[in-house]
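Coordinate analysis (summary)
Here's the letter readout for the chains.
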Amino acid sequence: VQLVESGGGLVQPGGSLRLSCAASGFTFSSYGMSWYRRAPGKERELVARISSTGGSTNYANAVKGRFTISRDNAKNTVYLQMNSLKSEDKAVYYCNARDYSGTVYWGQGTQVSVSA
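How each quantity is defined
Residues numbered from 1 in each chain as written. Predicted model: local features only at pLDDT ≥ 70, side-chain atom pairs only at ≥ 80, totals over all residues. Heavy atoms only, no water. Helix = DSSP H or I, 4+ residues; strand = E, 2+ residues; numbered from the N terminus. Rg over C-alpha atoms; globule rule 2.2 N^0.38 Å. Contact = heavy atoms within 4.5 Å. Areas by Shrake-Rupley, 256 points an atom, 1.4 Å probe, with all protein chains shown as cover. Lys, Arg positive; Asp, Glu negative; His and termini not counted. Charge placed at Lys NZ, Arg CZ, Asp CG, Glu CD. Disulfide = S-S within 2.5 Å.

For the protein, the count of helices and strands is zero helices and 11 strands. Helices and strands in the protein line up, N terminus first, as β-β-β-β-β-β-β-β-β-β-β. In terms of overall size, the protein behaves like a compact globule, its C-alpha atoms giving a radius of gyration of 13 Å where 116 residues would be expected to give roughly 13 Å. Across the protein, every contact between residues at least 6 apart in sequence was considered, and the portion connecting residues at least 24 apart equals 52%. Total accessible area on the protein is roughly 6000 Å²; 45% of this is exposed by carbon and sulfur atoms. Averaged over its 13 positive side-chain charges, the protein has a centre that lies 2 Å from the centre of its 7 negative ones.

Written out as structure tokens, the structure reads:
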């Protein structure tokens, strides 16, 4: 099983980034997918979640209206489009997969930095 995040980097405030998480080794279309983040000195928090079919999404209040989660089950990939980035969005972003039995997988994380 692998979840490989990519797309992180350094961006100026107000800028955009698109994170990707490529999955392999399990039945991707059977898993709800989420993005979490951990900022320096803070607990890990849920950013966004998408159902296995992509028909349902949820967002943390801090990112509503700025971030969009989506998935392509044909490509076994989940995305996080991040717009209007703020300094407080700086964190390591993690991809998470969870099925109805409670099986959970995590990616290794990708760093997002927001600075002028």
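Additional details are given in the paragraphs that follow.
This part is about the state of the cysteines. Per the counting criterion, the structure on display carries one disulfide. What pairs with Cys21 in a disulfide is Cys95, and their sulfur atoms sit 2.1 Å apart. What sets the handedness of the Cys21 and Cys95 disulfide is the S-S torsion sign, and at about -85 degrees it is left-handed. Residue Cys21 is found in strand 3 (residues 17–24), and its partner Cys95 is found in strand 9 (residues 91–98); the two are separated by 74 residues along the sequence.

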